[in-house]
Amino acid sequence: MWLWFSKLGSPKWFYELSEKWLPWLIGAMAICLTVAVVWALLYLPPDYQQGYTSRILVVHVAVAGTSLAFFPLMAVAGVITLVWKMKLADMVAKNAAPLGAWFSFITLATGSIWGSVSWGTWWEWTDSRLVSMLFQFFLFLGVISLRSALENSETAAKACALLSIVGCINVVVIKYSVEWWNTLHQPASPVSLNGDSPNGPEFWIATGIMILAVYLFFTVSLILSTRNEILVRERRSQWVQDIVAKKTGAGVRQTV
Amino acid sequence: MISAIEFSSFSEFLNMGGYAFNVWAVYGLFFVFIAANLVAPVLKRKSILKEQSRRLRQHESSVKSHS
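Because the structure is a prediction, the values reported are computed rather than measured.

Analysis parameters
- Counting of residues starts from 1 at the beginning of each chain's written sequence and follows it residue by residue.
- Written order decides the labels, with chains lettered from A and ligands numbered from 1.
- Local features are withheld for residues below a pLDDT of 70 in this predicted model, meaning they are given only at 70 or higher, and side-chain atom pairs are given and counted only at 80 or more; totals for whole chains, interfaces and linings count all residues.
- Calculation of side-chain values draws on the structure's entire complement of heavy atoms; hydrogens and water are dropped beforehand.
- Think of each axis as a best-fit line through the C-alpha atoms, taken over the contacting stretch in the case of a helix, with angles from 0 to 180 degrees between the N-to-C directions.
- Secondary structure elements are defined from DSSP: runs of H or I of at least 4 residues count as helices, runs of E of at least 2 residues count as strands, and each element is numbered from the N terminus.
- Small angles under 35 degrees read as roughly parallel and large ones over 145 as roughly antiparallel, with 65 to 115 read as roughly perpendicular and the rest as oblique.
- A crossing counts as left-handed when the near helix is turned anticlockwise from the far one by less than a right angle, and as right-handed when that turn is clockwise.
- When checking whether two residues touch, look at their non-hydrogen atoms; a contact exists if any pair is within 4.5 Å.
- Any residue that is not Ala, Val, Leu, Ile, Met, Phe, Trp, Tyr, Cys, Pro, Asp, Glu, Lys or Arg is counted as polar, Gly included; the first ten are nonpolar and the last four charged.
- Both site types are read off a 1 Å grid over the protein atoms alone. A 1.4 Å probe that fits but cannot get out defines a cavity, while an open set with protein on both sides within 12 Å along at least five of seven lines defines a pocket; lining residues have an atom within 4 Å of a point.
- Grid points are joined across faces, edges and corners, and a volume is the space filled by probe spheres set on the points.
- Buried, partly exposed and exposed residues are distinguished by accessible area as a fraction of the type maximum, computed with a 1.4 Å probe on protein chains only: under 20%, between the cut-offs, and over 50%, respectively.
- Polar contacts, as used here, are pairs of N or O atoms within 3.5 Å; protein pairs need one atom able to donate a hydrogen and one able to accept it. Residues neighboring in sequence count only if both atoms are side-chain atoms.
- Each aromatic pair joins two rings of Phe, Tyr and Trp (for Trp, the six-membered one) with centres within 6.5 Å, and gets the label stacked for planes under 30 degrees apart, edge-to-face for over 60, and tilted for any other angle.
- By definition here, charges over rings are those cases where NZ of Lys or CZ of Arg is within 6 Å of the ring centre and within 35 degrees of the ring normal.

### Comments concerning the packing of helix α4 (residues 70-84) of chain A against helix α5 (residues 87-118) of chain A
Residues and elements named next belong to chain A.
Thinking step 1. Relative orientation of the contacting elements α4 and α5 amounts to 160°, with a least axis distance of 9 Å. Viewed along their axes, α4 and α5 adopt a mutual orientation that is roughly antiparallel. Both α4 and α5 take part in a crossing whose hand is left-handed. Residues Phe 70, Leu 73, Met 74, Ala 77, Ile 80 and Thr 81 of α4 pack against Ala 89, Asp 90, Val 92, Ala 93, Ala 96, Ala 97, Leu 99, Gly 100 and Phe 103 of α5.
Thinking step 2. Residues belonging to the contact of α4 with α5 are distributed by class as follows: 12 nonpolar, 2 polar and 1 charged.

What follows is the structure in C-alpha cells.
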C-alpha cells in the first residue's frame, strides 16, 4: 500500500502512466463529444415550454455538474500535500484552479444565455444558485492569485489547500441552493428514462453522454497541464533531460 | 428512441426554432472552451521542450569548453 502510494506520488511514474492513458482518454472524449453534440443538435425534440433552447441545457448541466468536482479534488490534493508532502498532488491542485475558473465561467455564460429566453432575464442577484456559482468563480480566481502572490511554494500550497476546503463548503451551498432558497433557478428535474420526467429519456441520455464527455475533457486537460508542470519542476532530473533530448535532439552526449 | 432528424432543411437547422442566437452562442462558446483548454497545454509543452533543450545545449557547450 505504501509502496503503491509513494509510487503514485512520483512525478515520473505519473508521467509515464499518463503517456499510455492519454490516447485512450482522448479517443473516448472525441467519441462521446461527437455523439452528444450530434444527438443534441440534430435529434433532440423541442421542449414543450422551452422549444429548442432545451438543447442549451445539455451543455449547461454537464459543465455545471463537472465544475462542482474541482474544489473537492483540490481539497483532497491539498490534504495529501499537507500531510504526505506529495509533490504530484500539489501540481494537480495548481493546474486544476484555472480550469475550474473556466468551467465556472462557461456555466454562468451558458446559463445566462438560456435564462435570457426562459426567465426573461440574463442575471438575477437575488437567486442563490446564480450568486453561489459566481462566488465559486471568484474563489477560483482567489486560489490562483493566492498561489502567485506567495513566493514560498510550501506556504502557497498550504494556503491554497485551506481555501480549497472553504470552497468545498460553497460547493454544498451551490448543490442545495435550489432547495434551500426557492427563487429563480429551478431544482434539478427528476432523472428518468421511462418518460415520467418533464424531460424525455432522449434528453437524459444525451445529457448523460455529454457529462461523460465533459468529465473526460476535464481529465485530459488536467493531465496535459500537469505533465507540463512536471517537465518544468523536475527539469534538473535525468529522466526529464532524457525526454527533452529525445524529443528535440539536444544533449545526445550521454550516448556517445 | 431516435425517431428522425428534427429538421427537414439546413436553414431550418440553423434557425433552431427561432432560438438561433442562443443555441449557437452556447455551442460556439462550448467549443472555444474545449479547444482552448486542449490547445493551450499542447502549445505550452512545445515551448517548454524548446526552452529546456536550449538550456541543455548551453550546459553541454559550457561543459565542453571546460574540459
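### As for the layout of surface pockets
Residue and element names in this part refer to chain A.
Thinking step 1. In this structure, the largest pocket spans a volume of roughly 1100 Å³.
Thinking step 2. In terms of lining residues, the largest pocket is bounded by 42 residues, among which Val 61, Arg 129, His 185, Gln 186 and Ala 188 are the most central.
Thinking step 3. Of all the elements in the fold, those that place two or more residues in the lining of the largest pocket are α3 (54-67), α5, α6 (128-149), α7 (153-180) and α8 (201-233).
Thinking step 4. Ranked by the residues each element gives to the lining of the largest pocket, the list is headed by α5, at 7 residues.
Thinking step 5. Grouping the amino acids of the lining of the largest pocket by side-chain chemistry returns 23 nonpolar, 15 polar and 4 charged.

### So, the side chain of Ser54(A)
All names here are of chain A.
Thinking step 1. Residue position: Ser 54 is located in helix α3.
Thinking step 2. Look at Ser 54 and you get buried, because its relative accessible area is 4%.
Thinking step 3. A polar contact of 3.3 Å, which involves the side chain of Ser 54, links it to the backbone oxygen of Gly 51.
Thinking step 4. Ignoring anything within four residues of it in the chain, the contact list for Ser 54 reads Pro 45, Asp 47 and Phe 203.

### Here's the deal with the packing of aromatic side chains
Thinking step 1. Throughout the structure, instances matching the rule amount to 22 aromatic pairs over all chains.
Thinking step 2. Measuring from centroid to centroid gives 5.2 Å for Phe217(A) and Phe33(B), while their planes differ by 75°, and the two rings are edge-to-face. Taken together, the positions of Phe217(A) in helix α8 and Phe33(B) in helix α2 (residues 20-66) put the pair across two chains.
Thinking step 3. Residue class for Phe217(A) comes out buried when judged on its relative accessible area of 0%.
Thinking step 4. For Phe33(B), a relative accessible area of 0% corresponds to the buried category.
Thinking step 5. When the ring centre of Tyr176(A) is taken as reference, the NZ or CZ atom of Lys175(A) above it lies at 5.8 Å.

### Concerning the environment of Trp122(A)
Thinking step 1. Within the secondary structure, Trp122(A) sits in the loop between α5 and α6.
Thinking step 2. For the pair Trp122(A) and Ser112(A), spaced 10 residues apart in sequence, the C-alpha to C-alpha distance is 4.8 Å.
Thinking step 3. If we skip the residues at most four places from it in the chain, Trp122(A) touches Ser112(A), Ile113(A), Ser116(A) and Phe21(B).

Purely geometric stuff here, so don't read any function into it on its own.
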